[in-house]
Each structure stands twice: as structure tokens, then as C-alpha cells.
Amino acid sequence: MMKYDVVVVGAGGAGMQAALNASYGSSLKIAVLSKIFPTRSHTGAAQGGINAALGYRDATDSIEKHFKDTVKGSDFLADQDAVQFFTENMPKIISELDYMGVPFSRDQNGHIAQRPFGGASSPRTCYSADKTGHVILHSLYEQCLQQGIHFYDDWFLLSLVVKDNELEGLVAMDMRKGEIQAIQAKAVVIATGGFGRVFWSRTTNAINMTGDGTAACFNAGIPLKDPEFVQFHPTGLASTGVLVSEACRGEGGYLLNKDGERFMKRYAPDKMELGPRDLVARSIETEIKEGRGFGEGMNSYVLMDLRHLGKERIMQRLPQVRELALNFEGVDIIHEPVPVRPSCHYMMGGISVSDYKTLATSVHGIHAVGECCCVSIHGANRLGGNSVADVVLFGKYAGLGARQTAENREFGSIEKLEEEQNKWIEKFKMMRKKTAGIKFFEIRDKMAEAMWYHVGIFRVGSEIEQALATLDEAIEEYKDAYIGDSSERYNMAFINYVELGNLLKLAKAVTIGALNRKESRGSHSRGDFTQRDDKNYLKHTLVYYDEGRFRLDYAPVMITSYQPEERKY
Amino acid sequence: MKKLKITIKRYDGQKSWNQDYEIDYEKGRTVLWSLTMIREKLDSTLVFSSACQHGICGSCAIKINGKTVLVCQTPLDSMLNLFKTDRLIYEPMSHFEVIRDLAVAWEPKMEKMKKVNPWLIPIEAGTKENGFLQGADDFQKISSATDCILCGICTSECNQLEVNDGTFLDPFIFNKAYRFAVDSRDCASEDHVHPAYENELWKCLHCMQCVSNCPKHIDLTGEISALRNMSMKMGETKNQGARHARAFYEDTWKKGQLNETMLPIKTDGLLKTAATKVPFALRMMKTGKINPLELQKPVNGIKGVRELYDYAKEVEKSES
Ligand SMILES: Cc1cc2nc3c(=O)[nH]c(=O)nc-3n(C[C@H](O)[C@H](O)[C@H](O)COP(=O)(O)OP(=O)(O)OC[C@H]3O[C@@H](n4cnc5c(N)ncnc54)[C@H](O)[C@@H]3O)c2cc1C
Ligand code: SF4
Ligand code: SF4
Ligand code: FES
């Protein structure tokens, strides 16, 4: 049986940072599993930047301001001790990234350049043109190559094996061979990214953002924290959902309705287009709902106008955005405004982390980091530029934490691992043989539709219940799903089938969380409970999966120095 | 309704075959859409890679009627118009190991990339605690090169790799070497440049296939020229330049003989450059008078090449 001290699952920003930091100067045997080649990870899609209060652009910026912005942005649902730790350590992490060779844009003094971003009271978002995540991801990968990190590419995590709340290892598929392997491990870091694909095509997320690690932890008994908080990015391209960077608004882009009006003046008179995401997304949807958008129904949109920035500034600061708009919308932003509308963008919720300094979870041996988890520093709404920051900072501490765990633990037994491995081998065999049933793509679309219409930007109790019923149906149908590919080698249909199983489970957790949070807070907006209700809901949702049943619980929010107040921009 | 005929080169690990599909044409769709339609409506055994869907992850390149593109950002119409056809042929990229159907393996390429030490070797002025200072102009020098998404299109299109035994570095690897060699935060240009010229930097044919297909518009041949210049300079101090120039000269001569059919495409300016200038290029380099890499007009066929070599020998004789 394969055996590693530390197994990192996921090779995005979080996973690679964890692997690097677990390996520096240590003799531990470390492996990184990734279902796609590392540089394909979705961290590479982050365009806008990464937040750290370095104060280069604005000397009045401070850790304190970054802290307050983050907590306020979170609509007071973030744990303030964790946010403090996060904002305090970010400047150091930026230097570390610089030292790894990340090509940051520079200011006239040779310092790392910073730009304004939504929800930030000072311009503190460090960037590299509009490819920040891409250059960070590639630099981390280069460091891994240098460090000799052992990657298993095209390996897919199927499940975690836990006995008496102790990790024993995991079961994964070597996709190219079609072999299912059990791996013994002293510590595992789950870093598998978000699960925006519960909305399938209505998201800015990559096709593989299916929350496999989140679901594996959920199955293993670790609760999901705050899954109902889903961020909708205000500016997806109207026809494809592909993201247009927030940097556009940061650089001064206008949002216009069909009367040519900068409608944000109604919703955030001071910040205008730079208001936080949830507010801007809802503002756009409200304009559309009230008939001031362009187009009809599902195809409605508003315009983002960048023309006044001028060609030079657009070419210099937003070259990728220009290309995106050209390729996918046929619009040159130098000459024309581009049609946009909100898309599901980020999952604030995820695997509940119980110690923000080690990223440990409630199961001994399992750590979780990045978008797949919930620390929580984003609370009910994440600020732009805080996620890549989250990923690289907590990635580091997850690596150090896992290392500590591995150093203090022994390998467990292998019986349960073998059992789990055999279960998957049988399942794979069975699915390959099956020649009839319900096509899993259809089940997927059913789920996504229910989620978009009823658990999307605006939510109402009765509709959420409807979604729940549809999801239960889909989960039933899934049992009779059929994949249509009998081959052993690189059976992507089987992989997609397993992914769908994970999505269904997570979609249901999102829905249960949403139904039971009878208030509006951050990204969670209830038409039937329009106010924030601190008395009853200033608490984290916890959803458990016990023996096939979903169970709901709550946990307190850590408030240190910043008492909840009305969130006004 | 207009139909779209698509032939896909399939591979299951053992055998390879061509399979025809037909889907309804829809205006304004991407190639990725066509693959997704085939997979979800007609044949769920079809395997291809894609992730981000917007040209940043680099996972989705395939060959369409011989031209390598990112399927997620390539409109079907542009391919239909380019090839003036209603039948498109999808194949996996060239010069990669195929896993299944259109999916290829990257690990061998990364092993190869390690040769150029593809990581920053930091200057002393930088620290982990405070990072570096770097001028905005110095950032500009690495800005374009760091756009590379490792999609492999340049590799798939490369004419030297078509005839090479695999030693020649893939264009994106030269890009990586260049990116670190010119980074003001890196103290060891040689550690990136030297392995590049050890691995046939001089064999690039300057055919520009890589550049004209790179989705990030990276000036790969410009970078290769720059690497050559750097290697010449380094070679001079190490007295190795001559050896490399010689190797280049001989190899070009051999290639000409080995692969005559490739010559019409490949016998471009470099052969002439090689023939006429390389033997005494070093002398001229020293005085900074010539650029041995400047592009010349194409030469037709091996005959022309040999004539050039003869001519070069003449020149050499008369000069010495
Ligand atoms: C379009 C877009 C733009 C964004 N822009 C910004 C921005 O400007 N600033 C910002 O701060 N944030 C931004 N974000 C958010 C941010 O990019 C992500 O939240 C963050 O990068 C997630 O990183 P990660 O390491 O957690 O996961 P990812 O980078 O998504 O990596 C997940 C990894 O897990 C692996 N994996 C998944 N499942 C399995 C499995 N079953 N088995 C094995 N491996 C598996 C994958 O292969 C992958 O390597 C953006 C997000 C999107 C979608
Ligand atoms: S210019 Fe050189 S590297 Fe580029 S495709 Fe031609 S031979 Fe290959
Ligand atoms: S250099 Fe261009 S074509 Fe080659 S891998 Fe990089 S992005 Fe792709
Ligand atoms: S899918 Fe990412 S580049 Fe095409």
C-alpha cells in the first residue's frame, strides 16, 4: 500500500503552498495529488490581485484598516481572531511571494504596485497586470519543481478514511490507468478549491470546481460551515458567465443601465461602482428586475463602460480583460461598453476549520485550506483580493500544521483503507458495466437550474423549499445514473459522475443552510427576511452528514474588537 | 438545419482510429462547445481536457485541421472560414505523449523544463522578509514572458521538434529560461542560458510557427535570439562560443540532407545565415558589428543550401 507522511490533495495556490511549507527543511515524505495538472488549477484564473496592507500606495493604510474592511465586508460573520492573524501576516507573505519570483507590477519606487478594490478603504491590492493568480500559481509550481515535490497528476481523491475520529488515509484513483489506490497517511491537507459548479453553467468557476475534497470531509463527519454564503460576482460576461475582473471597476469603469445612468448612485452613493460585490451584484439584478436592464429574462444584462479610461490605460492595465471581451462577447472595450451580469463566483462556506493557525479540522490528521474550507475570514461575503491572499497565507500554515501533525502521529491500520478501496473498485466496475439508466448530465442540469432559480442571488423560503425537493429528486435519480463509458483508462465519464455526486450533496447543504437562515446578511439575501438579524443569526451555520442524514447546528462567531454595526458603503 | 461534420482522432491507449460526428451548427459557438455537445449528446466516451473555459489555464489545446488552438476561445466560425470547409478534423497536439483521445501528458515536458532551472535564483539584495526592489521597466522585461500558460501550442507547432530527436527544448522552455535570465531579481542568468544552449538553442529554425500561434502573443523567436546573444557573450568569456557556432553550422548541413521535404518551409534565412556568417560570426560578434541571427530571405531546396555552404567556404578562404 502506498504510504506518505503528508498527502496534500489539490495543487492550486493553497495546496502548493502547503506542500512547500511542509517540505522546507524536513525529511517527511510528501505527495501532492491533483485531478488536473497543477498549473491548470483555478487559482490561475484570479485576475485582480491579492490584498496586503503594505502601505506603498497609500501610507495611511494599516493592518487595522484591512482588518476592519474584512470584518465589515463579511457582514460581521467573520471570526475576528482569524482575520487579525490573516491581516497581520499578509505583508510578510507578499515578500515571500516576491522572493519566490512572482512578477508583481511595480510602482515608481520599485515597490510592489497596489490598486483600489471593492470594499477596501485604501488601495491595497497587489497585482501583476491582470494575471495575478496566474503568476502566483506558476511561481509556486516552479518552487515545487525546485523543491522536488512529488506530484501525482491526474489522481482523483475519492474518499477519506477515518476511524474513531482519527485519519487513516485516503482512497484515490489514478485516472490514467483507471486504478484505485489506497494511501496511508499521517496527515492530509485538503485543498481542492470551491464548488461553484453547483450552479453548473452559471458560474465563473472552472469546469472542475466540484468540491470533491469538501464532500469527502463532509462524508468523513467534518461539518460544513456557512455553506449558504455564495458570492455572485457582479460582472460576468453576459452570454458566457466568464468573469470580467473587478479591476475594471477598480480602474474606474462605470456600470450603466439602459437609460445610460450610473445606477450605483442609488445603492452606494459614496463608493459607487466600488461597493462590495454582493451589493453591486444585487444592484444590477434589481435594475434588471425593475426593467432598467437590456435584453430579456435569462439574457438580461447591464453595461460596463471603460471607454473613458482611454486606449493606453486599458492596454496597460487591462489587456486580458480586453481579450476576453473580444473573444467571448465580440466587443472591444476600447470602443464599446461590454454587457455584463452576475455569476456565481466564490464559496465563502466550506469544510469547518477548527484552528486557524494549523488549519486542523475536527478529525485528527485532516487539515483543510483554501476555498474548499471555511476558517472563517470571509464570513457572509468575501472581499475581492482576499481569497488568493487567504490561499497563500493559510496554505503556508496548513503546511506547517500538517507537518506538525505528521511528526506527532503514527500510521494507522490498513483494514478500513482496504475495505474502502475495494468498495470503490466494485463501484467503478459496476458503473462501467451499466448500460442503461439516467444520463448523469441531465441530473446535473436539473440540479443547476434549481440552484440558480431558487438558491441564487435573491432567495425566498418557499422557493428554497422547492429547490430542496428538486434536489432530493435528483439525488434519487443519481442512484440510477449511467455513465456510458466502459473503459478503464482515463474514464472521464466516471470521474464526472463522482463529481456530480459530490455536487449534489453540497448543493443540498447550501440549500439547507439558506432555508434556515431567516435573515439577509452579506451574500445571503432573503426576500422574506430582508434585514440582518444579529439577535438570532449572528452565528455560523454547521451542517453535518451523519449516516446519510443532514443535520443542522450552529456555532458562535468570534468577535474581538469590532462590534457589529450597520454595513453602509 | 446546417450540420457540422467533425472527425476526431481517437486513441484508447492501444489503438487509434478516426471517428466521425455530426452536430447541428449554431452561430457564434466555440470549438469547446462542439466538443461538449458531442460528449454530452452523442458519445460520453470522448475525452478532452479543459478547465477554466477562458484561455488562462492552458489545458485545452488541440489541433484543428492541423492548426493548434485553445478550443475554449476559438470560435467555430473562425475555423470554418479559415479552412473554407464544413468538416473539421480534431487531433491531439503534436510532440506530446497522448493519454486518451485528445488528452496529453505534461510530466515529460516538465522533466525537460527542469534543465533550464526554471525558478528564481535570487540576488543578494533580496530577502524572504522584505522581497526585492524592482523597477517598473525591469518588470516590463518579464511581463510578457510570464504570460505563458503552458498550453503547449508552440511545441505542437514547432518545426524543429518535428525533425528533432527530442533534445531541442520546447519553445515554452526557452521562454522560461529567458524569463529568468532577464529578471533583475535573478543573479544567475547563466544557469538558465547555459542549459538552453546545451540543449540545441541554435537549432531553432526561426520559422515563427510558435510565435504566430501562441495565444499569449509571446515573442518566442525574439527571446531565442536574445538567448543566443546572451549565450554568445557568455561563450566568449568561457571560450565556448566557437564550439557552439561550429555545432550549429554542422547540424544545419546535416538537417538539410536528412529531411529534404521539410526544406521548403524550413530553409529560411537561418541556413543562409549559417552558411555565410557563422564561420566568422564570432570575430564579428567581438566587434559587435553583426547580428548573426538576422533573418534572410528563404532559400529553395537543398541545392540552394549546399551552394550557400560552398559559397561560404569561398568567402572564408578569401577572407583569411
Ligand atoms: C474567475 C475567477 C477570478 C478570481 N479572481 C480573484 C482575485 O482577483 N483575487 C482573489 O483574491 N481571488 C480571486 N478569485 C478566487 C480565487 O482565485 C480562488 O478562491 C482561489 O484561487 C482558490 O484556490 P485554491 O488553492 O483553494 O483552489 P484551486 O486553485 O481551485 O485548486 C484546487 C485544486 O484541487 C485539485 N482537486 C480538486 N478536486 C480534486 C480531487 N477530487 N482529487 C484531486 N485533486 C483535486 C485541483 O486539481 C486543483 O489543483 C477568483 C476566482 C475566479 C473563479
Ligand atoms: S521558430 Fe524555432 S522554436 Fe519556434 S517553431 Fe520555429 S523552430 Fe520551433
Ligand atoms: S509560449 Fe505561448 S504557445 Fe507556448 S506554452 Fe506558453 S502560452 Fe502556450
Ligand atoms: S479551458 Fe483553460 S485555456 Fe481553454
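Residues numbered from 1 in each chain as written. Chains lettered and ligands numbered in written order. Predicted model: local features only at pLDDT ≥ 70, side-chain atom pairs only at ≥ 80, totals over all residues. Heavy atoms only, no water.

By the naming in an unreviewed UniProt entry, chain B is Fumarate reductase iron-sulfur subunit, taken from Sporolactobacillus laevolacticus DSM 442. In its Catalytic activity (unreviewed entry) section, the UniProt record describing chain B reads: "a menaquinone + succinate = a menaquinol + fumarate". Its UniProt record, at the heading Sequence similarities (unreviewed entry), says of chain B: "Belongs to the succinate dehydrogenase/fumarate reductase iron-sulfur protein family." (UniProt positions renumbered as here; feature names shortened; annotations may be inferred.)

Going by an unreviewed UniProt entry, chain A carries the name succinate dehydrogenase and comes from Sporolactobacillus laevolacticus DSM 442. On record in UniProt, under Cofactor (unreviewed entry), the comment for chain A is "FAD". Word for word, the UniProt comment on chain A under Sequence similarities (unreviewed entry) is "Belongs to the FAD-dependent oxidoreductase 2 family. FRD/SDH subfamily."

Section: the environment of Lys479 of chain A
Residue and element names in this part refer to chain A. With respect to the helices and strands, the residue Lys479 is situated in the loop between α14 (461–478) and β19 (481–482). Lys479 gets classed as exposed once you look at its relative accessible area, which sits at 59%. Taking the C-alpha atoms as reference, Lys479 lies 37 Å from Thr405; in sequence the two are 74 residues apart. Within the structure, the side chain of Lys479 is placed 2.8 Å from the side chain of Glu476, a separation counted as a polar contact. (Helix = DSSP H or I, 4+ residues; strand = E, 2+ residues; numbered from the N terminus. Buried < 20%, exposed > 50% of the residue type's maximum accessible area, 1.4 Å probe, protein only. Polar contact = N/O pair within 3.5 Å; in protein donor to acceptor, adjacent residues only side chain to side chain.)

What about the packing of helix α13 (residues 440–454) of chain A against α14 of chain A?
Residue and element names in this part refer to chain A. Between α13 and α14, the least distance of the axes is 9 Å, while the angle of their chain directions is 170°. Classed by the angle they form, the pair α13 and α14 counts as roughly antiparallel. Together, Ile443, Lys446, Met447, Ala450, Met451, Tyr453 and His454 of α13 and Glu463, Ile464, Gln466, Ala467, Thr470, Leu471, Glu473, Ala474, Glu477 and Tyr478 of α14 make up the contact between the two elements. Looking at the contact of α13 with α14 residue by residue, the classes come out as 10 nonpolar, three polar and four charged. (Axes fitted to C-alpha atoms, helices over the stretch in contact; angles between N-to-C directions. Parallel < 35°, antiparallel > 145°, perpendicular 65-115°, else oblique. Contact = heavy atoms within 4.5 Å. Nonpolar A, V, L, I, M, F, W, Y, C, P; charged D, E, K, R; others polar.)

Some points on the site of ligand 2
Residue and element names in this part refer to chain B. Residues in close proximity to ligand 2 total 13 residues, the closest being Cys158, Cys204, Cys207, Cys210 and Thr221. Mapped onto the shell around ligand 2, the elements with two or more residues apiece are α6 (159–163), α9 (209–213) and α10 (220–238). Looking at side-chain class alone, the shell around ligand 2 contains eight nonpolar, five polar and no charged residues. (Near = heavy atom within 4 Å.)

Observations concerning empty space enclosed by the protein
Residues and elements named next belong to chain A. Evaluation of the coordinates by the stated rule reveals seven cavities of 30 Å³ or more. The calculated volume of the largest cavity comes to roughly 740 Å³. Residue lining of the largest cavity: 49 residues in total, with His42, Thr43, Gly193, Met209 and Glu371 positioned closest to the centre. Elements supplying a minimum of two residues to the lining of the largest cavity: α1 (13–23), β2 (30–34), β7 (155–163), β14 (338–347) and α11 (387–407). Grouping the constituent residues of the lining of the largest cavity by class yields 17 nonpolar, 26 polar and six charged. (1 Å grid on protein atoms, 1.4 Å probe; cavity = no way out; pocket = protein on both sides within 12 Å on 5 of 7 lines; lining within 4 Å. Points joined across faces, edges and corners; volume = space filled by probe spheres on them.)

A closer look at the pairing of β2 of chain A
Residue and element names in this part refer to chain A. With respect to burial, β2 is a largely interior element, five of its five residues being buried. Neither face of β2 is left uncovered, since the one carrying Ile30, Val32 and Ser34 and the one carrying Ala31 and Leu33 both have all their residues buried. In terms of strand pairing, strand β1 (residues 2–9) meets β2 through four bridges, oriented parallel. Bridge pairing in β2 links Val8 to Val32. Following the chain from β1 across α1 to the adjacent parallel β2, one finds a crossover that is right-handed. Pairing of β2 with strand β6 (residues 150–153), which is carried by four bridges, proceeds in the parallel orientation. If you follow Ala31 over to β6, its bridge partner there is His150. (Pairing = 2+ DSSP bridges. Right-handed = clockwise from strand over helix to strand, strands pointing away.)

What about the sheet that holds β14 of chain A?
Residues and elements named next belong to chain A. Taken in spatial order, the four strands line up as β11-β14-β13-β12 in an open sheet, and their pairing is antiparallel. On the outer flanks of this sheet lie β11 (230–237) and β12 (254–256), each paired with one strand and no other. Going across the sheet, the axis of each strand differs from the next one's by a mean of 45°, ignoring polarity.

Focus: the domain arrangement of chain A
All names here are of chain A. For chain A, the assigned domains are domain 1 (2–230 + 345–415), domain 2 (233–342) and domain 3 (416–556). Taken over C-alpha atoms, the centre of domain 2 sits 31 Å from the centre of domain 3. On inspection of domain 2 and its partner domain 3, the count reaches one residue pair in polar contact (both at pLDDT 80 or more). Here the side of domain 2 that touches domain 3 gets five residues from one element, more than from any other, and that element is helix α8 (residues 277–289). (Domains from an automatic or database assignment.)

Examining unusual backbone geometry
Looking along the chain, the bond that leaves Val375 of chain A and enters Ser376 of chain A is cis, with omega of 10°. With respect to the helices and strands, the residue Ser376 of chain A is situated in the loop between β17 (373–374) and α11. One non-glycine residue, Trp200 of chain A, lies in positive phi territory at about 30°. Within the element layout of this structure, Trp200 of chain A appears in the loop between β9 (179–190) and α5 (212–219). A positive phi angle, near 65°, is found at His95 of chain B, a position not held by glycine. Inspection of the secondary structure puts His95 of chain B in the loop between β5 (87–91) and β6 (97–100).

A look at the interface of chain B and chain A
Counting from both sides, the interface comprises 60 residues of chain B and, opposite them, 60 residues of chain A. Across the chain B/chain A interface, buried area totals approximately 4,900 Å², and carbon plus sulfur atoms make up 52% of it. A per-residue breakdown of the area chain B buries against chain A is headed by Glu40, His54 and Lys128 of chain B, which together make up 13% of the total. Applying the counting rule to chain B against chain A returns six salt bridges. In this structure, Glu107 of chain B engages Arg176 of chain A in a salt bridge whose closest nitrogen and oxygen atoms are separated by 2.9 Å. Applying the counting rule to chain B against chain A returns 32 residue pairs in polar contact (both at pLDDT 80 or more). At four residues, helix α4 (residues 136–143) of chain B tops the list of elements feeding residues into the side of chain B that touches chain A. In the side of chain B that touches chain A, the residues fall into 28 nonpolar, 18 polar and 14 charged. (Buried area = accessible area lost by both parts, 1.4 Å probe. Salt bridge = Lys/Arg side-chain N within 4 Å of Asp/Glu carboxyl O.)

Quick look at the pattern of salt bridges
Residue and element names in this part refer to chain A. Tallying each qualifying case throughout the model produces 60 salt bridges over all chains. One salt bridge connects Lys35 with Glu499, and the closest N-O pair in it is separated by 2.8 Å. Pair noted here: Lys35 is in the loop between β2 and β3 (50–51) and Glu499 is in helix α15 (residues 492–516), with a separation of 464 residues, a long-range link. Each member of the pair, Lys35 together with Glu499, is buried. Two residues, Glu420 and Lys423, come together in a salt bridge whose shortest N-O distance is 3.4 Å. Of this pair, Glu420 and Lys423 both sit in helix α12 (residues 415–433), three residues apart, which is roughly one turn of that helix. Salt bridges linked by common partners bring Asp75, Asp226, Glu228, Arg517, Glu519, Arg521, Arg532, Asp534 and Arg567 together as one network.

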